[in-house]
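# Descriptive analysis of the structure
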Amino acid sequence: MGKDLILVADADEVYRDLIYQCLRRLKFQVIAVDSGEEALEVVKSNSIDLLIVDTILPGMDGLSVIRRLKGNMHTMHILVVMLSGSSSEQDIITYLDSGAADFITKPFNPVVLTARVRAVLRSRSDKPKNNDTTIRYNGLHIDLRRHKVCIESQPIHLTASEFKLLKILMSKPGWVFNRSEIAKSIHGENCAVTSIGMHIVNLRRKMGACAGYIETVRGVGYRFRGVEK
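What this report covers is the structure whose coordinates are included nearby. (Residues numbered from 1 in each chain as written. Predicted model: local features only at pLDDT ≥ 70, side-chain atom pairs only at ≥ 80, totals over all residues. Heavy atoms only, no water.)

### Some details on the packing of helix α1 (residues 13-25) against helix α5 (residues 110-122)
Selection rule: Only C-alpha atoms enter the line fits that serve as axes; for helices the fit covers just the stretch in contact. Angles between N-to-C directions range over 0 to 180 degrees. Under the DSSP-based scheme used, a helix requires at least four consecutive residues in state H or I and a strand at least two consecutive residues in state E, with every element numbered from the N terminus. Angle categories are assigned with fixed cut-offs, so that under 35 degrees is roughly parallel, over 145 is roughly antiparallel, 65 to 115 is roughly perpendicular, and the rest are oblique. Should the near helix be turned counterclockwise from the far one by less than a right angle, the crossing is left-handed, whereas a clockwise turn marks it as right-handed. Any pair of residues with heavy atoms lying within 4.5 Å of one another is described as a contacting pair. Polar here means any residue other than Ala, Val, Leu, Ile, Met, Phe, Trp, Tyr, Cys and Pro, which are nonpolar, and Asp, Glu, Lys and Arg, which are charged; Gly is therefore polar.
Packing of α1 against α5 leaves a shortest axis separation of 10 Å and a crossing angle of 60°. Considering their axes alone, α1 and α5 lie oblique with respect to each other. As for the relative orientation of α1 and α5, their crossing is right-handed in sense. Between α1, through L18, I19, C22 and L23, and α5, the contact on the second element is made entirely by P110, L113, T114 and V117. The residue makeup of the contact of α1 with α5, split by class, is seven nonpolar, one polar and no charged.

### Considering the nonpolar core
Keep this limit in mind: We call a set of buried Ala, Val, Leu, Ile, Met, Phe, Trp, Tyr and Cys residues a nonpolar core when their side-chain atoms join them within 4.5 Å. Note on classification: 1.4 Å probe, protein chains only; a residue is buried when its accessible area is under 20% of the maximum for its type, exposed when over 50%, partly exposed between these limits.
With 30 residues, the main nonpolar core has L140, L166, L169 and M207 as its most contacted residues. Elements represented by at least two residues in this core include exactly β6 (134-137), β7 (140-143), β8 (148-151), α6 (160-171), α7 (179-187), α8 (196-207) and β12 (221-224). Per-element tally for this core: the top contributor is α6, with six residues. What L166 contacts, discounting residues up to four positions off in sequence, is L140, I142, V149, L158, L203, M207 and I214. Core analysis: the second largest hydrophobic core is formed by 23 residues, V33, I66, V80 and M82 among them.

### So, the pattern of salt bridges
Counted only if it meets this: When a carboxyl oxygen of Asp or Glu is within 4 Å of a side-chain nitrogen of Lys or Arg, the pair counts as a salt bridge.
Scanning the model with the defined rule gives seven salt bridges in all. K106 is the salt-bridge partner of D54, the closest N and O atoms lying 3.5 Å from each other. On the criterion of sequence distance, the pair formed by D54 in strand β3 (residues 50-54) and K106 in the loop between β5 (102-105) and α5 is long-range, its members being 52 residues apart. On the basis of relative accessible area, D54 is assigned to the buried category, the value being 8%. What you see here is one network of salt bridges that share partners, running through D10, D54 and K106.

### A short note on the environment of T114
Examined against the element boundaries, T114 turns out to sit in helix α5. The buried category is assigned to T114, whose relative accessible area is 9%. Other than its neighbours up to four places away in sequence, T114 contacts C22, L23 and L26.

### Structural notes on the pairing of β7
Rules: Pairing between two strands is assigned when DSSP locates at least 2 bridges connecting them.
Residues of β7 alternate between two faces, with L140 and I142 on one and H141 and D143 on the opposite face, all of them buried. Pairing between β6 and β7: four bridges, direction antiparallel. Along β7, the bridge assignment pairs R136 with H141. Two successive antiparallel strands, β6 and β7, enclose a turn made up of two residues, where N138 displays a positive phi of approximately 50°. The loop that links β7 with its antiparallel partner β8 comprises four residues; one of these, H147, has a positive phi angle of about 55°.

Next comes the structure, spelled out in structure tokens:
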């Protein structure tokens, strides 16, 4: 576990140092910054496993940071724990819906924080078995290098957008991606979300018996809910 690299973004020096020291005692690698902009710069040049970010930061706030990460297919895998002085249910829902894996209210017990960090990192075991070139679930198999998808060893022919969509959803089973996140990952920053529903319909049709793995979360977006056997 000590090999994991955790980025802490908090403008409050007391909290930032407290979190840094707690994680270092557990042998994690830790980088600490005090702004959202600096956090994104660190992400560009480091392989970050988990980001702990406060909701209130100078300049770009924590919610904007998480949306930037989750809207980019190269950084959407980074786990995020949000910190906030607010315990509003609506705030918690907003942050979790935006892609946070957990939400911790300040002030917090350092022992509880580290336990929840460990739990979030363990959640990676829920991902499908994969390596750098393949992702598998039951009979569904994506070969990233060959840009090929097979179901029970039979190839199915997907458009480039459908392939990206399936890859995004399968990269984090159980994770809900909203339509905006999916659209940006497939088409880039300046895109409309209206085509995503049609991509989902076409992808499900081509997936046949595996179509049920893609679940609609009403009012939010979509998730891959396959269960490995």
